[in-house]
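What follows is the residue order along each chain.
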Amino acid sequence: MKPDPRLDELGERIERISTRPDEVRAPLIRLARPLLRAFGYRPKLSTTHIAALLDALRAPGLSSLDELALAAVEELEADVTAVERSLVVHGRVPLAHAAWLGRLHEVTTRATRAAKDRKDETARRIAQAIDPVRIAAPLALSTPDEEKEEKKEKAEKAGGEFEGAQEPAKAAKENAPPLPEEERLVELELSAIDHLLDAARDETDLLARRRRLLEAARKLLLDAAAALPLARDGVEARQRHLAREIAQIDRLEATGLSPHVRLTHQARDALGRGDRQRLHAALVALDGVALAAGDGERSARTGMALERMASGADEPAEEVRRRSLKRSAQELFGAEMTAAVAAGYAEAREALAKPPKGESAEDAKLRMLALQYMAAENEEQAISALLSVDGCVDVGVPLAPVRVTEVEERVRVVPYPTEDMLLLPARDITDIPHAVIEDPRTVLMALAEGRLLARRFIQREEVRRKRTRLVGEARIYVLDGSSSMLEDGRSGTRARVRDAILLAELGMLVRRYAEGSRDVRIVLHYRYFTKKVWPITRVDSGKAALAAMADVAGRVRKGGTDIEKALLASFEQIREAKASDPDLARAQIVLVTDGDAVVREEVIREAREKVGDLPIAVSVVALGEENPTLRALVARQRARGERAFYHYLDDDALFEICEGKLLDGRSLHVSDAAGFSALSIEERAKALRDELGGLVEELGAIEQKRSAAALEAALSESDAMADRARAEEALGVAGGEKAARGEGKRASREALDRDRRSLEARFLRWFPAPAVDGKEGMPIGRSPDCEAVLVVLSTVAEVVGDLGGTDLARRADAIDLLERLLPDAQLSPARWHAVLRDEARAVAAALGAVHAAVKGART
């Protein structure tokens, strides 16, 4: 059955909002526009019915799918109408709302198609796989009323009272709508996050690039959430999606998949090698990206292949999932680590089972709580937290690439006189003019015997070479061991995630120590604190890391909280480390806490100054409870350009992490068929080809056909748009907003073909080299377009600098991101180039940052 015909009409209305806003009409609203604008009218959007439809599709058997589908279409129509009214009232539509409507229309179309045609299994799987982030509320600044409601909710959870009264003058000031240009720039910065998520979703081949896009989106999201009062619903939905996707990529790579090789090629390779596990992991990855893209043709084949591989298995799905998670932990961190954690839990249970003499009632209560926390059945929560934490928290890397200038002195022999001269044996007859001749009659004989000396002049030269070098970073984890980490929250999840953060870091160190190929040795320090600061533990070897794992997992701490005392002790530790490690380039203190303790910034600043010129960042991971003092401390560091971060995870998010809610989906591992492991490699390969060879080859053929067709279509469209832009320019007509379409595809193809000359020319067309120094004679005022260009350039520089890859890939990524951001910035290519030309001095520094980012340098 066909989906609701109203969806086509709604799609046209959404396109009109985005591309032809001047054609949108709402006569009745236009009459009341002055009044609505004065009151700061904002569209009220809803996703209640589409969320209910998606939930119903995930739980088949309900008979109300038709009613839910009809309600979802009506809800979409109401949302489109609300945004059209906002456009008429304010003369523009918020960028986030326009893009959100497009996503909502796509999701509604997929869901209603699955609801109408119950027999289409592929459509149902596509609808079931829709991530909630696709319909999440747009990223936007929260209103004062929303902030009050959030504060009230937090106060109620904490058991306190909320004071909502506010002075009328202050309330009026806070409720005043932002200026249009300010709102435009904020929307532009926030839209970059969803563009990166879309780019990651479009990346269906390479896990490495997909991960880099997701991590760049996470960084921008955390920065924006730390600097702006964003509505929590939109932030939390994106954080959950990013954590789930990054954790999935971690597990896929741990199965043996290469992040730098196309997934279809790896599926073919695993098929030819008879590697059943790796083939299954590749098919799971391909199935995931096909479902996310709504690709029915590919998802039908991947689903069929996975069903064939799982056929014959009679184990419960939950048991298969549990075993897969345990295996992923061993693949990621090693069997030694999981054994050390299990041993730590066992020792802790044994120690806690015996009550000490003179135990008070309060201590007995805490001991029983700790016993429950350490119970054998709860070890699965530790594994889930360990696998999920990398996607939730980004603490950086202990080795960082830094651009350095090396000076090398070279000595060169020159024919002209210099300050330095040497006498060296003459080599041939050409050296005779420079020879020291005592008797002309014996010159040839002395030359033949090697006794003839010739003058050699030495030129000393300094050769300066810039290169990227790994430098060490002192990393000190300062972990809150207070009783509240175990007692507050839900089922001790604060303490479990706190320990998982450190255990994941220790597991990474074990792997690095095992590699043994790094010139710079990595050293990690950690300490727990309550009212007392416990001794610091130094980890500088694999053996020390394994011992630390058992210590972290096998002890339950209790007490109060003194954050300031713990920070001061850590500064002293960094000062001592600097004296003993000449390679130490910077330091980072990672504070993990749930306490709202007093921290005096002036005391912290004095302690930092005593360390010397070593850059020190104080970063914070707040678990379960926000700490305004620590958040402000991190914000001021970031304002000074320092490398610090602030992560906040509420108790609901912590519970999801420990319960494995971020690790849902199909199991990555599959049980081998009976007798399969006893076969030779050739026999395994033949068995897999007989079972799945046709489907894998079809997947490869689809990819090859589509990539070629998509590229040709994009290039043809790009050529047509370029011809149209040139014609309009010749006629004196301003270029359209779509004139840059296809540039990202062209750049990606040139990077793939290693066409350096064409790609560099395309890059310089959009990002010309800064012709002037941006610091000298900077104009006081800038045009609104110039402000938008600066935001775009800054976003491109920051994202591309984090993406990594080759210089060609970074150039292509910069062009692709620019193409996505230009419509949101309300800039046509003509207006973009006009700013670069007419306000060159104002944008010089930002352009320089983009050029530095594509070269691999960070500014």
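Worth saying up front: this structure is predicted, and the values here are computed from it rather than measured.

### Side note on the overall build of the chain
Argument step 1. A count of helical and extended segments in the chain gives 34 helices and 8 strands.
Argument step 2. For the chain, with 859 residues in total, the buried portion stands at 47%.
Argument step 3. Within the chain, counting contacts between residues at least 6 apart in sequence, those at least 24 apart form 81% of the total.
Argument step 4. With an accessible surface of roughly 42,400 Å², the chain has 53% of that area assigned to carbon and sulfur atoms.

### Examining the pairing of strand S4 (residues 524-529)
Argument step 1. Burial runs high along S4: 6 of the 6 residues are buried.
Argument step 2. Covered by surrounding structure in S4 are Leu524, Tyr526 and Tyr528 together with His525, Arg527 and Phe529, the residues of both alternating faces.
Argument step 3. Note: S4 against strand S5 (residues 537-539), 3 bridges, orientation antiparallel. Directly across from His525, in S5, lies its bridge partner Arg538.

### Focus: the side chain of Arg367
Argument step 1. Within the secondary structure layout, Arg367 lies in helix H18 (residues 361-373).
Argument step 2. Judged by its relative accessible area of 14%, Arg367 falls in the buried class.
Argument step 3. Setting aside its immediate chain neighbours within four residues, Arg367 contacts Leu352, Ala353, Lys354, Pro355, Pro356 and Glu359.

### Looking at the confidence of the model for the chain
Argument step 1. On average, the chain scores 78 in pLDDT, and the residues at 70 or more come to 80%.
Argument step 2. Here residues 160-179 is modelled with pLDDT under 50, and outside its nearest four sequence neighbours on either side it reaches 13 contacts, counting other chains as well.

### Observations regarding the side chain of Thr204
Argument step 1. Looking at where Thr204 falls in the secondary structure, it is placed in the loop between helix H10 (180-202) and helix H11 (207-227).
Argument step 2. Residue classification places Thr204 among the buried positions, given a relative accessible area of 15%.
Argument step 3. Discounting residues that sit within four places of it in the chain, Thr204 has contacts with Leu263, Val289 and Arg298.

### Brief notes about the packing of helix H19 (residues 379-392) against helix H27 (residues 651-659)
Argument step 1. Where H19 contacts H27, the two axes come as close as 6 Å, and the packing angle between them is 120 degrees. Accordingly, the angle class assigned to the pair H19 and H27 is oblique. Between H19 and H27, the residues in contact are Gln381, Ser384, Ala385, Ser388 and Cys392 and Ile657, Cys658 and Glu659, respectively.
Argument step 2. Split by residue class, the contact of H19 with H27 holds 4 nonpolar, 3 polar and 1 charged.

### Section: the nonpolar core
Argument step 1. In terms of nonpolar packing, the biggest core is built from 87 residues, with Leu279, Phe767, Leu793, Val796, Trp832 and Val843 touching the most fellow members.
Argument step 2. Of all the elements, helix H31 (residues 784-803) adds the most residues to this core, at 11 residues.
Argument step 3. Not counting the four nearest positions on each side in its chain, Trp832 is found in contact with Trp766, Phe767, Val789, Val792, Leu793, Leu818, Leu822 and Leu827.

### Considerations on empty space enclosed by the protein
Where empty space is left becomes clear once a probe the size of a water molecule has been rolled over the atoms.
Argument step 1. Counted by the stated rule, this structure contains 6 cavities of 30 Å³ or more.
Argument step 2. There is about 90 Å³ of room inside the largest cavity.
Argument step 3. The set of elements that each furnish at least two residues to the lining of the largest cavity consists of H11, helix H12 (232-254) and strand S8 (646-649).
Argument step 4. Residues that form the lining of the largest cavity fall into these classes: 5 nonpolar, 2 polar and 3 charged.

### Here's the deal with the packing of aromatic side chains
Argument step 1. Throughout the structure, instances matching the rule amount to 3 aromatic pairs.
Argument step 2. On the basis of an interplanar angle of 90 degrees and a centroid distance of 6.3 Å, the ring pair of Tyr526 and Tyr528 is categorised as edge-to-face.
Argument step 3. Its relative accessible area of 2% is what places Tyr526 among the buried residues.
Argument step 4. What makes Tyr528 buried here is its relative accessible area of 4%.

### Digging into a nonpolar patch on the surface
Argument step 1. Residues Met421, Leu423, Val436 and Leu453 make up a contiguous nonpolar surface patch of about 310 Å² in total accessible area.
Argument step 2. Tracing the backbone through its elements, the reader meets Leu453 in strand S3 (residues 453-480).
Argument step 3. Since its relative accessible area comes to 34%, Leu453 is described here as partly exposed.

### Concerning helix H15 (residues 296-310)
Argument step 1. For H15, spanning 15 residues, the distance from its first C-alpha to its last is 21 Å, which sits close to the expected 21 Å at 1.5 Å a residue.
Argument step 2. Regarding H15, the residues found buried are Arg298, Ser299, Thr302, Gly303, Ala305, Leu306 and Met309. Axial view of H15: buried residues confined to an arc of 165 degrees, hence all on one face.
Argument step 3. For H15, the capping residue at the N-terminal end is Asp295, with a side-chain oxygen 3.2 Å from the backbone nitrogen of Glu297.

### What about the state of the cysteines?
Linking two cysteines covalently through their sulfur atoms gives a disulfide.
Argument step 1. The tally for this structure, following the rule as stated, stands at 0 disulfides.
Argument step 2. Of all cysteine sulfurs in the structure, the one in Cys658 sits closest to Cys392, which takes part in no disulfide; the separation is 9.7 Å.

### Topic: the environment of Gln277
Argument step 1. Topologically, Gln277 is positioned in helix H14 (residues 276-292).
Argument step 2. When the C-alpha atoms of Gln277 and Met309 are compared, they prove to be 9.9 Å apart, with 32 residues separating the residues in sequence.
Argument step 3. If we skip the residues at most four places from it in the chain, Gln277 touches Arg327, His669, Val670 and Asp672.
Argument step 4. Engagement of the side chain of Gln277 in a polar contact is seen with the backbone oxygen of Val670, the distance being 2.3 Å.

### Side note on unusual backbone geometry
What you tend to see is this: most non-glycine residues have negative phi, and most peptide bonds are trans.
Argument step 1. At Ser491, a residue that is not glycine, the phi angle is positive and equals roughly 60 degrees.
Argument step 2. Within the element layout of this structure, Ser491 appears in the loop between helix H21 (484-487) and helix H22 (493-515).

### Notes on the environment of Met549
Argument step 1. Within the secondary structure, Met549 is located in helix H23 (residues 542-553).
Argument step 2. Judged by relative accessible area, which is 0%, Met549 ranks as buried.
Argument step 3. With 49 residues separating them along the chain, Met549 and Ala500 place their C-alpha atoms 9.9 Å apart.
Argument step 4. If we skip the residues at most four places from it in the chain, Met549 touches Met337, Ala340, Leu503, Leu506, Gly507 and Val510.

The rules behind the values
Residue numbering note: each chain is counted from 1, following its sequence as written. Owing to the predicted nature of the model, reporting of local features is limited to residues with pLDDT of at least 70; listing and counting of side-chain atom pairs is limited to 80 or more, with chain, interface and lining totals taken over all residues. For the side-chain quantities, the full set of heavy atoms in the structure was used; hydrogens and water were omitted. To qualify as a helix, a DSSP run of H or I must reach at least 4 residues; to qualify as a strand, a run of E must reach at least 2; elements of each kind are numbered from the N terminus. Exposure classes here rest on a 1.4 Å probe applied to the protein chains alone. A residue is buried below 20% of its type maximum, exposed above 50%, and partly exposed in between. Contact between two residues is taken to exist if any of their heavy atoms lie within 4.5 Å; hydrogens are not considered. The Shrake-Rupley method, run with a 1.4 Å probe sphere, supplies the accessible areas, and residue values consider only the shown protein chains as cover. Note: two strands are recorded as paired if DSSP finds a minimum of 2 bridges between them. Scored from 0 to 100, pLDDT reflects the predictor's confidence in each residue. A fitted line through C-alpha atoms represents every axis, and for helices the fit uses only the stretch in contact; the resulting angles, taken between N-to-C directions, go from 0 to 180 degrees. Note on angle classes: values under 35 degrees are labelled roughly parallel, values over 145 roughly antiparallel, values of 65 to 115 roughly perpendicular, and the remainder oblique. Residues are grouped as follows: Ala, Val, Leu, Ile, Met, Phe, Trp, Tyr, Cys and Pro are nonpolar; Asp, Glu, Lys and Arg are charged; every other residue, Gly included, is polar. The definition of a nonpolar core used throughout is a set of buried Ala, Val, Leu, Ile, Met, Phe, Trp, Tyr and Cys residues joined through side-chain atoms within 4.5 Å. Note on definitions: the grid is 1 Å and covers protein atoms alone; a cavity is a set of points where a 1.4 Å probe fits but cannot get out; a pocket is an open set with protein on both sides within 12 Å along at least five of seven lines; lining residues have an atom within 4 Å of a point. Grid points are joined across faces, edges and corners, and a volume is the space filled by probe spheres set on the points. Ring pairs are drawn from Phe, Tyr and Trp, using the six-membered ring of Trp, whenever the two centres fall within 6.5 Å, and their geometry is named by plane angle: stacked under 30 degrees, edge-to-face over 60, tilted for the rest. Without a salt bridge and with relative accessible area above 30%, a residue can belong to a patch; like charges are then joined within 9 Å and nonpolar side chains (Val, Leu, Ile, Met, Phe, Trp, Tyr) within 5 Å. Salt bridges are identified by distance alone: a Lys or Arg side-chain nitrogen within 4 Å of an Asp or Glu carboxyl oxygen. Working rule for helices: expected span equals 1.5 Å times residues minus one. Along the arc lie the directions from the helix axis toward the C-beta atoms. N or O atoms within 3.5 Å of each other form a polar contact, as long as, within protein, one can give a hydrogen and the other can take it, and as long as residues adjacent in sequence are counted only when both atoms are side-chain atoms. Note on terminology: disulfide denotes any pair of cysteine sulfur atoms within 2.5 Å.

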